[in-house]
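# Survey of secondary and tertiary structure
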Amino acid sequence: MIFDSADTFRKAIRAHFVKHKRDVKFKVNDRDRVRAVCNSDGCEWMVFASLMGDDKKTFKLKTLNDKHTCGMVFKNKFVNSRRIAERYVGQWSANPDWNYSGVAQQVRENLVVDISEWQFYRAKTAAMQMIEGTIKEQYARLWDYCAELKRANPGSTVQMKCTTIPVEDKPHFQRLYICLEGLKTGWRVGCRPIIGLDVCFIKGHHKGQLLAAVGVNANNQMYPIAYAIVESETRDSWRWFLELLNVDLQLNNSGHISWITDKQKGLLDEMEKMKMASPSAFEWLAAKDPSHLSRAFLREGAKCDMLCNNMCEAFNSTIVQARDKPIITLLEMIHTYMMKRLTRKRAEIEKWKHPMGPKVYRYVEKIKSLSVYCTPTFSGNNTFQVEAGLQNQFVVDLEGRTCACRKWQLVDLNRIMAIFSLFWDDLYMLLSFFGLLLVCRKFEEDMNKFMVIFSLFWLLV
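Figured I'd write up the structure that's included with this text. (Residues numbered from 1 in each chain as written. Predicted model: local features only at pLDDT ≥ 70, side-chain atom pairs only at ≥ 80, totals over all residues. Heavy atoms only, no water.)

### Re the overall build of the protein chain
Defined as follows: Here a strand is any run of E in DSSP of at least two residues, a helix any run of H or I of at least four, and the numbering for each starts at the N terminus. For each residue, the accessible area found with a 1.4 Å probe, counting protein chains only, is set against the maximum for its type, and the residue is called buried under 20%, exposed over 50%, and partly exposed in between. Any two residues having at least one pair of non-hydrogen atoms within 4.5 Å are treated as being in contact. For every accessible area listed, the method is Shrake-Rupley and the probe measures 1.4 Å; residues are considered covered only by the protein chains on display.
Scanning the protein chain from N- to C-terminus turns up 16 helices and 17 strands. When burial is assessed residue by residue, the protein chain has 43% of its 461 residues classed as buried. In the protein chain, the proportion of contacts linking residues at least 24 apart, taken out of those at least 6 apart, comes to 57%. As displayed, the protein chain has an accessible area near 25800 Å², and 53% of this comes from carbon and sulfur atoms.

### Some remarks on the packing of helix α6 (residues 142-152) against helix α12 (residues 327-349)
Any two packed helices are characterised by how steeply their axes cross, that is the angle between the axes, and by the distance between the axes. This is how it is decided: All axes are obtained by fitting lines to C-alpha atoms, using only the stretch in contact for helices, and the reported angles, taken between N-to-C directions, cover 0 to 180 degrees. Every angle not falling under 35 degrees, over 145, or within 65 to 115 is termed oblique; those three ranges are roughly parallel, roughly antiparallel and roughly perpendicular. Crossings are sorted by hand: turned counterclockwise from the far helix by less than a right angle, the near helix makes the crossing left-handed, and turned clockwise it makes it right-handed. In this classification, Asp, Glu, Lys and Arg are treated as charged, Ala, Val, Leu, Ile, Met, Phe, Trp, Tyr, Cys and Pro as nonpolar, and every other residue, Gly included, as polar.
Two elements in contact, α6 and α12, have axes whose closest approach is 10 Å; the angle formed by their N-to-C orientations is 20 degrees. Between α6 and α12, the crossing angle belongs to the class labelled roughly parallel. Remark: the crossing between α6 and α12 carries right-handed chirality. Only Ile327, Ile328, Leu331, Glu332 and His335 of α12 make contact with α6, whose side of the interface consists of Leu142, Tyr145 and Leu149. Among the residues making up the contact of α6 with α12, the classes are represented as six nonpolar, one polar and one charged.

### What about the sheet that holds strand β4 (residues 46-51)?
For clarity, the threshold we go by: Strands are labelled as partners when DSSP assigns at least two bridges between them.
As summarised here, the arrangement of the five strands in space is β1-β5-β4-β3-β2, forming an open sheet in which the pairing is antiparallel. On the outer flanks of this sheet lie β1 (2-3) and β2 (24-29), each paired with one strand and no other. Of the pairings in the sheet, the one linking β4 to strand β5 (residues 59-65) comprises six bridges and is antiparallel in character. Bridging across to β5, Val47 finds its partner in Leu64.

### Concerning the packing of helix α2 (residues 81-94) against helix α3 (residues 100-111)
Running from amino to carboxyl end, α2 crosses α3 at an angle of 120 degrees, the nearest separation of the two axes being 12 Å. The angle between α2 and α3 falls in the class oblique. Judged by the twist between their axes, the crossing of α2 over α3 is right-handed. Packed against α2, whose contacting residues are Ile84, Arg87, Tyr88 and Trp92, the element α3 presents Val103, Gln106, Val107, Asn110 and Leu111 at the interface. The residue inventory of the contact of α2 with α3, partitioned by class, reads six nonpolar, two polar and one charged.

### What about the sheet that holds strand β14 (residues 393-397)?
In space, the four strands of this open sheet follow the order β12-β13-β14-β15, with antiparallel pairing throughout. Every other strand in the sheet has two partners, leaving β12 (374-380) and β15 (402-403) as the edge strands with one partner each. Looking at chain direction, β14 and β15 are connected through two bridges and run antiparallel. Each bridged residue has a counterpart across the sheet, and for Val396 the counterpart in β15 is Cys403.

### Comments concerning the pairing of strand β3 (residues 33-38)
Pairing analysis gives five bridges linking β2 to β3, with the strands arranged antiparallel. Within β3, the residue paired with Phe26 across the bridge is Ala36. Between the antiparallel neighbours β2 and β3 lie three residues. Relative to β4, β3 runs antiparallel, the two being bridged by five bridges. Across the sheet, residue Val34 finds its bridge partner in β4, namely Ala49.

### Observations regarding the packing of aromatic side chains
We count it as follows: Centre distance within 6.5 Å is the pairing criterion for rings of Phe, Tyr and Trp, where only the six-membered ring of Trp is used; planes under 30 degrees apart are then read as stacked, over 60 as edge-to-face, and the remainder as tilted.
Scanning the entire structure with this criterion turns up 14 aromatic pairs. Three or more aromatic residues joined by ring pairs make a cluster, and in this case those are Tyr88, Trp92, Trp98, Tyr100, Trp118, Phe120 and Tyr121.

### So, the pattern of salt bridges
When the charged atoms of two side chains lie near each other, side chains of opposite charge can form a pair. We count it as follows: Salt bridges are defined by distance alone: a side-chain nitrogen of Lys or Arg within 4 Å of a carboxyl oxygen of Asp or Glu.
Taken as a whole and assessed by the stated rule, the structure comprises nine salt bridges. With its nearest N and O atoms 3.8 Å apart, the salt bridge here joins Glu86 to Arg82. Pair noted here: Glu86 and Arg82 are both in helix α2, with a separation of four residues, about one helical turn. Residue classification places Glu86 among the partly exposed positions, given a relative accessible area of 46%. For the salt bridge of Lys184 with Asp248, the shortest nitrogen-to-oxygen distance reads 3.2 Å. Residue Lys184 is found in helix α7 (residues 181-190), and its partner Asp248 is found in helix α8 (residues 235-248); the two are separated by 64 residues along the sequence. Exposure remark for Asp248: the relative accessible area of 6% places this residue in the buried category. Counted as one network, the salt bridges with shared partners bring together Arg175, Glu231 and Asp236.

What follows is the structure, encoded as structure tokens:
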């Protein structure tokens, strides 16, 4: 029997002893000869191999006594973390969340050896490096990944920013921004003019944060637009992200866009605490422009009826398993998730029974049911006086798209839809009258050789 090197021969010996649950001892172990015996007292098992003639590499088996006269052992120094990683790398690839108890049980059944938690963690780390590559390898391939992403998705924006450390004189990764062509075009032509911004921490070895911009599609569901990995959440990183987003979405004048962030969370509670802790600080805040604090003073124009940034929180929760992965694995998991989501939404669109999303249809039907509480009186020039409950009257101007209650100007629709559903039995005629007819168009893009279709067009605000 011939082996191509001494290392190959040693690996074969170790594999034999792991398989047969015995312990081995190398009596002679150098570059020219290898002699191994069973480490149990009285056992006659022995193997010897050496170099073949003038060949300085190939080993040939010279002597073998393959009979064990000893019993099995339950501790084997060759069942180490590396060996466990090599044996079970396939299972970890299929199930990255395979935990300690499951691995320990599998090793105990197959190899009759107990492993510690530290062995498990080292084995899992080694297995994931085999699957995903080391962190350094992934950073070294990042330029290639960006180039391939742009090649497979023409028109996409993939911009990486690096810094240079003077001592090393080598570029070091700082930021990466990605906005795929299909996503940004889908948002421009078919989503509501609403953008939520949020940030989450990256948990892997490459510490940093992930910035995300998320929109709302035609069925009032989240629509990821762009994302970026940055070193930290700062004014500079947000400015860099928003400048690139502004170019991609062609937001030359973003006055018609509603922006949502988490800044408003707990504002009222904190103001009450401030009033009790420091009256002077509360008075200082109360003297500020109320248009930033009170709905009664909000400017009219781009508004929406969403009171929280749940669409961004939903996006962050879907990528939580990717946030502790090496950088290319993280990016590809996000990319794959968005492809699958858009493909799934395409299938759902085919099943729509109305020219609008199911959520939107239920919303319109709910508003129609409220029309029984509104009594409109036509006063000429597309203007109505509307009685909405006891001692409540409002002037509605269809051409100016205004209502005295200011709800139409602030969040659009709602009361006006309820009022005029009294006059039109045909819902689609009603929607067309207001310029709100919802159209579902199929927008096809070659996104990494997948056909993705976006649910489009809610011309609501």
